[in-house]
Amino acid sequence: MAKKVKVAIAGVGNCASALVQGLHYYSKKGPDEGLTYWDIGGYTPKDVQIVAAFDVNSMKVGKDLSKAIFQPPNNTVKITDVPEMGVKVKKGPLHDGIGKYLKDVVPVSAQPDHDVVQEIKDTGADMLVNYLPVGSTMATAAYAESALKAGVAFVNAIPVFIASDGKWAAKFTEAGLPVAGDDVMSQVGATVLHKTLVKMAIDRGVKVDETYQLNIGGDTDFLNMLEETRLKDKRESKTSAVRAMSPYEVPTRIGPSDYVPFLDNDKVCYIWLKGRYFGGSVVKIDVKLHVVDAYDSGGVMVDAIRGTKAALDRGIAGQLESLSAFCFKHPPVQMPYQAAKAAFEEFTSGKRGR
Ligand SMILES: NC(=O)c1ccc[n+]([C@@H]2O[C@H](COP(=O)([O-])OP(=O)(O)OC[C@H]3O[C@@H](n4cnc5c(N)ncnc54)[C@H](O)[C@@H]3O)[C@@H](O)[C@H]2O)c1
């Protein structure tokens, strides 16, 4: 029987829903449009199994994952029915997971916390994927510690710095486990588009004078991000990815900009760039991107998960540099998109160490 990639997830929100639905969709369809890679390290999307899931929402805790992903306030689009998975969502430790705005829409389960480490061990998971809300600093630390204690890899989809933090990375290196992150860079998302525009302008001799990226959406991610105090790492993550494309300082403003409830899980992004080219002539680029946010992350996480499993198979511990540069906004090492893609492919084919 083919080897499997066994995944535990923390946070059964829209991103988890898109991942679970997407895995089922491609398992039925086979290699089809929308995937960057069918095979990574010998694993196809058919080989990725979600074996454990944690949440705090009483509408999700205790339910089979196939049902929990469709509970409110999740509101991403449904692309497929998902058959019973035999994976009951367990109550995770709350810590700072639910902020000022989410507490009105997320009923927190009164059940006692489940033993996260034991659940990961019992289910034989290879890695824990972190999908908590932005600003869940303590909760993310608790799940990262659990991954270390359970002896599994950690893949951090959110902008709390773990893979890109030297102290955390050292803990994973010491434990002989890989760590990937931070903050997933969506497949055709605002960050990769903005990075590419800035890089193209600079490569072609433009002096970039100013740039901004404004984002709006109608899901709990955007509702939660109305709380400015939870946003410090998110702004840093998104801004650093674009800033790394320029050899000089460019006045830049990037971040989530508003919550528009009727957009549901659609995300709209406006990118603006102003610069000067030959003879000081002015160039302005004004772009609008419209995507279903959760599926945009799913298309990359399905690669990050398989790349991390390939690292486990090869006994690679600590920061996964090329994988993180390709799949995440705030990796340990920033790379332009094309360089990151080449490094990722060398890494997953075994030609590159990390
Ligand atoms: N394209 C994208 O959607 C994208 C891109 C980059 C990063 N991210 C990040 O991924 C994360 C997940 O996004 P989402 O849209 O699924 O968010 P979401 O709000 O839909 O889901 C978060 C889930 O975490 C649960 N939760 C809260 N505290 C918890 C705890 N302590 N333990 C376990 N579960 C807990 C919530 O109940 C909810 O189900 C966010 O931080 C988001 O910023 C998403």
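So, how was this worked out
- Residues numbered from 1 in each chain as written.
- Predicted model: local features only at pLDDT ≥ 70, side-chain atom pairs only at ≥ 80, totals over all residues.
- Pairing = 2+ DSSP bridges.
- Helix = DSSP H or I, 4+ residues; strand = E, 2+ residues; numbered from the N terminus.
- Axes fitted to C-alpha atoms, helices over the stretch in contact; angles between N-to-C directions.
- Buried ≥ 20, exposed ≤ 12 C-beta atoms within 10 Å, placed from the backbone.
- Right-handed = clockwise from strand over helix to strand, strands pointing away.
- Near = placed C-beta within 6 Å.
- Nonpolar A, V, L, I, M, F, W, Y, C, P; charged D, E, K, R; others polar.
- Domains from an automatic or database assignment.
- Parallel < 35°, antiparallel > 145°, perpendicular 65-115°, else oblique.
- Left-handed = near helix turned anticlockwise from the far one by under 90°.
- Contact = placed C-beta atoms within 7 Å.

J.: In this structure, what is going on with the sheet that holds strand E8 (residues 252-259)? I would like to understand it.
T.: Strand-to-strand pairing in sheets goes through backbone hydrogen bonds, with the strands running parallel or antiparallel. On the basis of which strands lie adjacent, the open sheet formed by 4 strands has the order E8-E7-E9-E10 and mixed pairing. Two strands close off the open sheet at either side, each with one partner strand: E8 and strand E10 (282-292). The average undirected angle you get between the axes of adjacent strands in this sheet is 10°. Here 11 bridges tie strand E9 (residues 266-276) to E10, and the two strands are oriented antiparallel to one another.

J.: For this particular structure, what's the right way to read the pairing of strand E1 (residues 5-10)?
T.: Every regular strand shows the same layout, with side chains that alternate between the two sheet faces. Burial of E1 is extensive: 6 of the 6 residues sit out of reach of the surface. Of the two faces of E1, the one holding Val5, Val7 and Ile9 and the one holding Lys6, Ala8 and Ala10 are both buried throughout. Alignment of E1 against strand E2 (residues 48-55), held across 6 bridges, turns out to be parallel. Residue Ala8 lies in a different strand from E2, and its bridge partner there is Ala52. Traced from E1 through helix H1 (residues 14-29) to E2, the parallel crossover comes out right-handed. In this sheet, strand E4 (residues 127-130) lies alongside E1 in parallel orientation, the contact comprising 4 bridges. Its bridge partner being in E4, Ala10 is matched across the sheet by Asn130.

J.: Can you walk me through the site of the ligand in this structure?
T.: In the neighbourhood of the ligand, 37 residues make up the surrounding shell, with Gly11, Gly13, Cys15, Gly92 and Gly97 lying closest. Only H1, E2, helix H7 (220-224) and helix H9 (293-313) provide two or more residues apiece to the shell around the ligand. Residue contributions to the shell around the ligand peak at 4 residues, all from H9. Grouping the amino acids of the shell around the ligand by side-chain chemistry returns 19 nonpolar, 12 polar and 6 charged. Each of domain 1 (5-185 + 295-348) and domain 2 (190-292) contributes no fewer than three residues to the shell around the ligand.

J.: Explain the packing of helix H3 (residues 116-123) against helix H4 (residues 137-150) to me, please; I cannot follow it from the model alone.
T.: In helix packing, the relevant descriptors are the interaxial angle and the interaxial distance, both defined with respect to the helix axes. One can describe the packing of H3 onto H4 by two numbers: an axis separation of 9 Å at closest approach and a directional angle of 45°. Here H3 lies oblique to H4, going by the angle between them. In the crossing of H3 with H4, the sense of the turn from one axis to the other is right-handed. Residue-level inspection shows Val116, Val117, Ile120 and Lys121 of H3 in contact with H4, the latter providing Tyr143, Ser146, Lys149 and Ala150. Tallied by class, the residues present in the contact of H3 with H4 amount to 5 nonpolar, 1 polar and 2 charged.

J.: I tried to follow the pairing of E4 on my own but got confused; where do I start?
T.: Covered by surrounding structure in E4 are Met127 and Val129 together with Leu128 and Asn130, the residues of both alternating faces. When E4 meets strand E5 (residues 153-156), the two strands line up parallel, connected through 4 bridges. Bridge pairing in E5 links Leu128 to Phe154. Assessed by its sense of winding, the connection that carries the chain from E4 through H4 to E5 is right-handed.

J.: When you look at the sheet that holds E5 in this model, what are you seeing that I'm missing?
T.: Spatially, 7 strands are ordered E3-E2-E1-E4-E5-E6-E11 in an open sheet, and the strand pairing comes out parallel. Two strands in the sheet have a free side with no partner beyond their single neighbour: strand E3 (89-91) and strand E11 (318-319). Note: E5 against strand E6 (residues 178-180), 2 bridges, orientation parallel. Counterpart to Phe154 in the pairing with E6 is Val179. Packed on one face of the sheet, H4 meets E1, E4 and E5 and runs near 170° to E4.

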